[in-house]
Amino acid sequence: MCKECGCGLGGDVRIGGEAHAHEHVYGHGHGHDHPHESHSGHGGQTVTLQRSLLEKNDRLAEQNRGFFRAKKLLVLNVVSSPGSGKTTFIRETAAQLTGRLRVGVIVGDLATDNDAARLRAAGIPVVQITTGTVCHLDAEMVARAAAQIDLDHLDVLVIENVGNLVCPADYDLGEDLRVVLLSVTEGEDKPLKYPPLFHSANVAVVTKSDMAAAAGFDRSLALFNLQRASHHARIFELSAKTGDGMKAWLDYLVERQAAGRGK
Amino acid sequence: MHEVSIMESAVSMAVETARKSGSDRVLAVRLRVGVLSGVVPEALRFAFDVVCQGTPAEGSALEMELVPAGGWCPVCQADFEYAEFPGECPRCHEPNGELRRGRELEITSVEIS
């Protein structure tokens, strides 16, 4: 049923190669609804609820956040369209932080563990989540994947979300920073086409800056649009391939991680 | 794109509410859906019919209240409604408003027999 938007029905999520049936039927409220009954509408009794449909995920995300903070980890949720350069960006971030911060990665993909293999080949501790038909990572998947990494020997945990600019916006994973990537080969108006995700970002990174001229990238228009949609976000421009602009980003992470240790 | 799982959550809460109140039938489910919530109302409606099948909510009505995008203007120190998002405060044209409404995905009430 519903294969194209799927999101769980019949789909199996695999974490670190192990299959887990993905639980999407949320049962058991925990008694924090406040029923007020009245008669109305369809001839029955109306019970008022006022509950978020994402409350289970939000609760698990807060648990993750508390757990990660206790471990003094800086946690990033990296989101972008497919092909914006998430894996190369994360690999170079981890490699160039060697000697300053220890980085581990949780990678989410619909299928294949190619991205995890690329990171693992670079010597980075990595756990793969294969979501099947699910279009985003959720807090429960991240909790299960995090249990498979030795967090006590890490300073930064990077979560590479499924390539998608819609669904990940709704799912808090327990991260400290939501990092959205915009590559110069995408349209400059992407921040305006997907405003909820860009607006929710703490950091916006323009990637593949080495290809800007070839792609005919209108830098000032892209930055203008980013500032409109993500005006709270810290903006970086870089090329993970050439290293151009990486220093400012890495220094920012070191500074944020140190600030978090004081929490 | 994740309307089915969102709706499973809503129907599950509705059925659980009915059971706790000693009812075996849900007549209506009422939601608040923000225009920037990332879900498509038509897809929610389709998912609702599918997810309700075989549950005490089968045949029930789905009522959705769409919540427009609203913000807080730091200059005017007041709420405003976005003509489009992202966009500016209609009074002072300040572009850096803070999004306050429009991301809702809530179940507000359930009607039971």
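Residues numbered from 1 in each chain as written. Chains lettered and ligands numbered in written order. Predicted model: local features only at pLDDT ≥ 70, side-chain atom pairs only at ≥ 80, totals over all residues. Heavy atoms only, no water.

Moving on: the sheet that holds strand S4 (residues 78-81) of chain B. Residues and elements named next belong to chain B. Read from one edge to the other, the open sheet built from three strands follows the order S4-S3-S5, with strand pairing classed as antiparallel. Here the strands that pair on one side only, and so sit at the sheet edges, are S4 and strand S5 (98-101). Here the strands of the sheet are splayed against their neighbours by 40 degrees on average, with no regard to which way each runs. Bridge analysis of strand S3 (residues 70-73) against S5 gives three bridges, and the strand direction is antiparallel. Note that in S5 the partner of Trp-72 across the bridge is Glu-98. (Pairing = 2+ DSSP bridges. Helix = DSSP H or I, 4+ residues; strand = E, 2+ residues; numbered from the N terminus. Axes fitted to C-alpha atoms, helices over the stretch in contact; angles between N-to-C directions.)

A separate point is unusual backbone geometry. With an omega of 0 degrees, the peptide bond between Phe-85 of chain B and Pro-86 of chain B qualifies as cis. Structurally, Pro-86 of chain B can be placed in the loop between S4 and S5. You will see that Lys-208 of chain A, though not glycine, has its phi angle at about 60 degrees, which is positive. Relative to the assigned elements, Lys-208 of chain A resides in the loop between strand S10 (203-207) and helix H7 (212-215). Positive phi is not limited to glycine here, since Gln-77 of chain B has a value of about 55 degrees. Among the secondary structure elements, Gln-77 of chain B is positioned in the loop between S3 and S4.

Time to look at the confidence of the model for chain A. In this model, chain A carries a mean pLDDT of 88, and residues with pLDDT of at least 70 account for 86%. Below pLDDT 50 for its whole length, residues 1-11 of chain A participates in 24 contacts with residues either more than four positions away or in separate chains. (pLDDT = per-residue confidence, 0-100. Contact = heavy atoms within 4.5 Å.)

Take the packing of aromatic side chains next. Residues and elements named next belong to chain A. Inspection of the entire model under this criterion finds seven aromatic pairs over all chains. Consider the rings of Phe-89 and Trp-249, whose centres lie 5.2 Å apart with planes at 35 degrees: the pair is tilted. Placement of the pair is Phe-89 in helix H2 (residues 86-96) and Trp-249 in helix H9 (residues 246-261), with a sequence separation of 160 residues. Accessibility classification places Phe-89 together with Trp-249 in one group, the buried group. For the ring pair Phe-236 and Trp-249, a centre distance of 5.6 Å and an interplane angle of 70 degrees mean the geometry is edge-to-face. Residue Phe-236 is located in strand S11 (residues 234-237), and its partner Trp-249 is located in helix H9; the two are separated by 13 residues in the primary sequence. (Phe/Tyr/Trp six-rings, centres within 6.5 Å; stacked < 30°, edge-to-face > 60°. Buried < 20%, exposed > 50% of the residue type's maximum accessible area, 1.4 Å probe, protein only.)

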